[in-house]
Amino acid sequence: MASSALLIRVIAGDMAARPLALFITYYFPPSGGPGVQRVLKFVKYLPEFGWEPVVLTVRQGAYPSRDPSLEGELGAGLRIYRTPSWDQFALYARWTGKRPDEAATVGFASTKPPDWRERWARWIRANCFLPDARLGWVPFAIRAGRQILRQLPVRVLVTSGPPHSTHLIGRALHRRFHLPWVADFRDPWTGIDYYAELPMSRWARRLDAALERAVLREASAVVTVGPSMARHLQERYSRFYHVIPNGFDESDFPSPAADPEPGSAFRLLYVGTLNPARNPEILWEALRRLRAEGIRLELELVGLIDGLVRERLAQLGLLGDLVRVRAYVPHEEAVRLMCGADGLLLLINRSPGAEGILTGKIYEYLASGRPVLGIGPPEGDAALVLRQSGAGVMVHWDDLEGLIDHLRAFYEAWRSGRPIRGASREAALRYSRRMLAGELVLLLDSVLQRCGS
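My aim in this report is to walk through the structure given alongside it, one point at a time. Since this is a predicted model, take the numbers as computed values, not measurements.

## Focus: the pairing of strand 14 (residues 392-395)
Inference 1: In this sheet, strand 14 lies alongside strand 13 (residues 372-375) in parallel orientation, the contact comprising four bridges. Bridged to V372 within strand 14 is G392.

Have a look at this one:
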């Protein structure tokens, strides 16, 4: 194995007795954001259940955000193989005049409204880089994967997407080495909420659907993060899909969580990406009405907030007064902010398939113990999690009066010194990352047994 092709973290000790699982993932520390958490936590806790993870990832990824602090969670003995990648985002950044991190954003969220260059670049990305713009990593990862599998007694392959081009790597290695392969879908592929907004030609959509179909049919097992996604895939492709939700790491959250320090206003916090499909117009109107009543609410938006959303807030006179915007912060800081808020805001895209959207952040919201106010489908998967855990409520996108009533109730309870509580620790622990890693191990064991590996 050429040292120039791969960067390897040397393992300490002899792990040969444990079955090896090769995790293939684009997002891995120092990448930040929600996409990195799932595989990072699986890898962190798998050894407690008798499996040894090995990671194949990119060396210098085109990440929307970076969080080097997450590297502290990587075990000293973890084998990590990092490969080069052809980065089309560098050209994209120069063409559009963006910073590299802005160019790497997904899901149509950017800090500025798109101009003609941005629209043209999006067309190129949507039609020439299928299934996604991280396609440039695929040949490097396949080559490295072959080297790894020739040297290590790997028993199972695990791919996690998006980017769903990662699954093409798993498919190629599965075909070449005949190893069991688990494809993990953190988000839908052609069913993603913003898919209809992509400026794709008819032939591009057909090719993309064919790639998705091949992955879903050939994988030894397919995992999704929620029941609605599993049902949707089952309707399209007749096979069984396993559900392993996202979760939270107990070590990230104090137990019990202390009440936040009292302030002069009720502090509502949103953490994550806020693109136009999530723009909660009824919330802006609710804040204006409550301000007129003399109710003081402050909303902080932390993360990638789309330029169109910022413009709308400025037009309404809310930006900088009732609403503050803060850029992406490291995960540790995001957890601190959640635990220190008086209430947490959850936004679900108003788009096809919204009932199945389960943002990874919802489980950390539960772990914080703070009450959650959601805006989205009241009968969707996220609403079910809130109801079952006692964490909060979900208000329909059009239910302005209901939203105002809930915000007023949050405020009045806070002002009286008896704030509304969120999920209990016991209810939140259903989504412990350690326990969810155990669920994955059960699946890996069953796949090994079924495939005779």
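Back to the write-up after that little detour.
## Quick look at helix 10 (residues 307-315)
Inference 1: Restricting attention to buried positions, one finds in helix 10 the residues G307, V309 and L313. In an axial view of helix 10, the angular spread of the buried residues amounts to 160°, which keeps them on one side of the axis.
Inference 2: Along its buried surface, helix 10 packs onto helix 9 (281-292), strand 10 (297-302) and strand 11 (323-326).
Inference 3: Taken from the residues just after helix 10, G317 is the one with a positive phi, measuring 75°.

## Observations regarding the sheet that holds strand 10
Inference 1: Strands sit in the order 11-10-9-12-13-14 across an open sheet of six strands; the sheet is parallel. Sheet topology places strand 11 and strand 14 at the edges, where each strand pairs with a single neighbour. Direction aside, the axes of adjacent strands within the sheet are offset by 20° on average.
Inference 2: Helix-sheet contacts for helix 9 involve strand 10, strand 11, strand 12 (343-347) and strand 13, and the interaxial angle to strand 10 is about 150°.

## Description of the pattern of salt bridges
Inference 1: For the structure on display, the rule yields 28 salt bridges.
Inference 2: With its nearest N and O atoms 3.8 Å apart, the salt bridge here joins R326 to E300. With R326 in strand 11 and E300 in strand 10, this residue pair connects regions lying 26 residues apart in the sequence.
Inference 3: Judged by its relative accessible area of 31%, R326 is partly exposed.
Inference 4: The class for E300 is buried, based on a relative accessible area of 17%.
Inference 5: Here E364 and K361 are joined by a salt bridge, their closest N and O atoms 3.3 Å apart. You can see E364 and its partner K361 sitting in helix 12 (residues 361-368), three residues apart, about one turn around the helix. Here E364 and K361 have matching classes, each one buried.

## Some points on the packing of aromatic side chains
Inference 1: One pass over the structure, following the stated rule, counts ten aromatic pairs.
Inference 2: Ring centres 6.3 Å apart and planes at 45° place the aromatic pair Y27 and Y63 in the tilted group. Of this pair, Y27 sits in the loop between strand 2 (20-24) and helix 1 (37-45) while Y63 sits in the loop between strand 3 (52-58) and strand 4 (79-83); the two residues are 36 residues apart in sequence, bridging distant segments of the chain. Both residues of the pair, Y27 and Y63, belong to the buried class.

## Quick notes on unusual backbone geometry
Inference 1: Cis peptide bonds are those with omega within 30 degrees of zero, and the linkage from P29 to P30 qualifies with 20°.
Inference 2: Backbone geometry at H178 places phi at a positive 55°, although glycine is not the residue there.
Inference 3: Within the secondary structure layout, H178 lies in the loop between helix 6 (165-177) and strand 6 (181-185).
Inference 4: Given a relative accessible area of 66%, H178 falls into the exposed group.

## Things to note about a positive patch on the surface
Inference 1: On the surface, a cluster of positive charge is contributed by R143, R146, R150 and R176.
Inference 2: The leading source of residues in the positive patch is helix 5 (residues 138-151), at three residues.
Inference 3: Summarising the element assignment, R150 is placed in helix 5.
Inference 4: Here R150 falls in the exposed class, since its relative accessible area comes to 54%.

What counts and what doesn't
Residues numbered from 1 in each chain as written. Predicted model: local features only at pLDDT ≥ 70, side-chain atom pairs only at ≥ 80, totals over all residues. Heavy atoms only, no water. Pairing = 2+ DSSP bridges. Helix = DSSP H or I, 4+ residues; strand = E, 2+ residues; numbered from the N terminus. Buried < 20%, exposed > 50% of the residue type's maximum accessible area, 1.4 Å probe, protein only. Arc of directions from axis to C-beta. Contact = heavy atoms within 4.5 Å. Axes fitted to C-alpha atoms, helices over the stretch in contact; angles between N-to-C directions. Salt bridge = Lys/Arg side-chain N within 4 Å of Asp/Glu carboxyl O. Phe/Tyr/Trp six-rings, centres within 6.5 Å; stacked < 30°, edge-to-face > 60°. Patch = residues over 30% accessible without salt bridge, like charges linked within 9 Å, V, L, I, M, F, W, Y side chains within 5 Å. Areas by Shrake-Rupley, 256 points an atom, 1.4 Å probe, with all protein chains shown as cover. Lys, Arg positive; Asp, Glu negative; His and termini not counted. Charge placed at Lys NZ, Arg CZ, Asp CG, Glu CD.

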